[in-house]
Amino acid sequence: MVGRVEGKVFNHDQPEGLEVDSMSAQKPHLNLVVIGHVDHGKSTLMGRFLYEVGAVDERIIREYEEEAKKLGRETWKFAWVLDKLKEERERGLTIDLGFYKFETKKFFFTLIDAPGHRDFVKNMVTGASQADCALLVVSAKEGEYEAGISPGGQTREHAFLAKTMGVDQIMVAINKMDTVNYSKERYEEVRSGVARLLRMVGYRISKVQFVPTSAWYGDNVTKRSDKTPWYTGPTLLEAFDMFEEPPRPIDKPLRIPVQDVYSIRGVGTVPVGRVETGILKVGDVVVFMPPNIKGEVKSIETHHTRIPQALPGDNIGFNVKGVERTALRRGDVAGHPTKPPTVAEEFVGRIFVLYHPTAIAAGYTPVLHVHTATVPVRFAAIEKKLDPRTGAVVEDNPPFIKQGDAAVVRFKPLKPVVIERYSEIPQLGRFAIRDSGRTVAAGVVIDLKPAEIR
């Protein structure tokens, strides 16, 4: 994976050090997730964007162009910037989460490219749980916008998930405007439909920018297009600077959900993740839960730069002495031993049922997605059915709940998992429930019973 910081190109997959320009270090840092329905042009749009802001070397684009021509897929050259896995190239789909960096006048961004294909929503949940803000890409092409916003579409599902996972700032690129001859009427139609959906999910529409773009021709990506004279709003690049820096919860206990664990020769075990709350310093002793393993932090890196401490929002790798790589896994959470991450034996969640073909009753066992963890979970009891609009209790102990219902449910995770009350540490108190490749429900933790740690 290749990126550039202030003119320096670096390879994200190498653990060598990199001196980041001091400007980057001083700008506020935001994690951006790119979401939307499959084939709406997310990867092509962001590939074009990264190329135009100089975060990707022109040589690489030329190389991709040659390869794409050989396959007869010339339109994919920008998408390949993000879809670096060979498997993704051959299938033309985004599977894994890509991480890229770019700068605007105001911010230093880490871009998390999230997949749009339904099989890969699991990775999208992980991406959204690490993001401060989102770019929702919606195709204006006839039939494509309609498919994305339909009850089974990912435009709808991703918008719900982003809000549930705590992504409170969103902007919209209405893409593929070239396929509708840059029609203002079509833009307005898509804009009002997406605005309706986002309002329903809980976004403040007055704060949402809707930018008409063409990823293929570069309209309104970094430069204003003369093909949309009727549009007076910001370009994509300008709209990114309209985001606000979220508060950094440094006063809360340390929580770092583990995304991956590496063993680096000459260094040792290096967990990678995003600091959600609290402060991590070199020399700290940390405990990983659920495995209940302690180690000492020998070094911390972000974007290949060593730092003495990490704050909420930082994506870091940290070397831990005294911990075997095999002892840790994605979904474990690091914290300080004085206030260790909470492993829940049971928890009570307030959920909204996004999709279910029939009805959900006690005993149902889907998969829980919370921060970077995925574990099977049982609906132990449905305690209350709520009015989705007001939150008022409609029925106590209902026999079942169905699509469109809100409810209070007692859950029993079937494997140990770290989860926190939403009122205390919201970053670890939001979750999604998935089954058979679909997001069934999304919700927040209102109470929990800690497990006994042996």
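Residues numbered from 1 in each chain as written. Predicted model: local features only at pLDDT ≥ 70, side-chain atom pairs only at ≥ 80, totals over all residues. Heavy atoms only, no water.

With that out of the way, let us pick up the pairing of strand β13 (residues 293-302). Where strand β12 (residues 285-289) and β13 come together, four bridges link them in antiparallel fashion. When the bridges of β13 are listed, valine 287 appears paired with lysine 294. What sits between β12 and β13 in their antiparallel hairpin is a turn of three residues, with asparagine 292 showing a positive phi close to 60°. Looking at chain direction, β13 and strand β16 (residues 315-321) are connected through five bridges and run antiparallel. (Pairing = 2+ DSSP bridges. Helix = DSSP H or I, 4+ residues; strand = E, 2+ residues; numbered from the N terminus.)

When charged atoms on two side chains of opposite charge get close, those side chains can pair. Taken as a whole and assessed by the stated rule, the structure comprises 22 salt bridges. Among the salt bridges present, the one from aspartate 132 reaches arginine 248, with a minimum N-O distance of 3.6 Å. In this pair, aspartate 132 sits in the loop between α6 (121-129) and β6 (133-139) while arginine 248 sits in the loop between α10 (236-240) and β9 (256-264), placing the two residues 116 residues apart along the sequence. Note on arginine 248: relative accessible area 24%, which makes it partly exposed. (Salt bridge = Lys/Arg side-chain N within 4 Å of Asp/Glu carboxyl O. Buried < 20%, exposed > 50% of the residue type's maximum accessible area, 1.4 Å probe, protein only.)

This part is about the confidence of the model for the protein chain. The predicted structure's coordinates, where accompanied by low pLDDT, should not be read in detail. When the pLDDT values of the protein chain are averaged, the result is 81; 78% of them are 70 or greater. Across residues 85-98, where pLDDT falls below 50, the model places 43 contacts with residues more than four positions away in sequence or in other chains. Contacts from residues 114-124, a stretch scored under 50 in pLDDT, to residues over four places away or in other chains number 48 contacts. (pLDDT = per-residue confidence, 0-100. Contact = heavy atoms within 4.5 Å.)

As a further point, take unusual backbone geometry. Note that the residue after methionine 289, namely proline 290, is joined by a cis bond; omega there is 5°. Notably, asparagine 181 is not glycine yet its phi reads approximately 55°, a positive angle. For asparagine 181, the location among the structural elements is in the loop between β7 (169-175) and α9 (184-201). Classification of asparagine 181 as exposed rests on a relative accessible area of 67%.

Within the structure shown, the criterion is met by 15 aromatic pairs. Judged by centre distance (4.9 Å) and plane angle (75°), the ring pair of phenylalanine 49 and phenylalanine 102 falls under edge-to-face. Taken as a pair, phenylalanine 49 in helix α2 (residues 42-52) and phenylalanine 102 in strand β4 (residues 98-103) lie far apart in primary sequence, 53 residues in all. When sorted by exposure, phenylalanine 49 lands in the same class as phenylalanine 102, which is buried. Taken together, a centroid distance of 5.7 Å and an interplanar angle of 75° make the contact between phenylalanine 107 and phenylalanine 109 edge-to-face. Take phenylalanine 107: its relative accessible area is 1%, and that puts it in the buried class. (Phe/Tyr/Trp six-rings, centres within 6.5 Å; stacked < 30°, edge-to-face > 60°.)

Our focus in this paragraph is the pairing of strand β20 (residues 373-386). Residues in a regular strand point their side chains to alternate faces of the sheet. In the sheet, strand β19 (residues 367-370) pairs with β20 via four bridges, with the strands oriented antiparallel. Following the sheet pairing, leucine 368 is matched in β20 by valine 375. Summarising the sheet, β20 and strand β22 (residues 406-413) pair through eight bridges and their orientation is antiparallel. Each bridged residue has a counterpart across the sheet, and for phenylalanine 379 the counterpart in β22 is phenylalanine 411. The pairing of β20 with strand β21 (residues 393-396) spans three bridges and is classified as antiparallel. Bridge pairing in β21 links lysine 384 to aspartate 396.

Right, let's get into the environment of arginine 255. By the secondary structure assignment, arginine 255 is in the loop between α10 and β9. Counting along the chain gives 22 residues from arginine 255 to threonine 277, while the straight-line C-alpha distance between them is 5.3 Å. Side-chain polar atoms of arginine 255 contact the backbone oxygen of proline 340, separated by 3.1 Å. A distance of 2.8 Å separates a polar atom in the side chain of arginine 255 from a polar atom in the side chain of glutamate 420. (Polar contact = N/O pair within 3.5 Å; in protein donor to acceptor, adjacent residues only side chain to side chain.)

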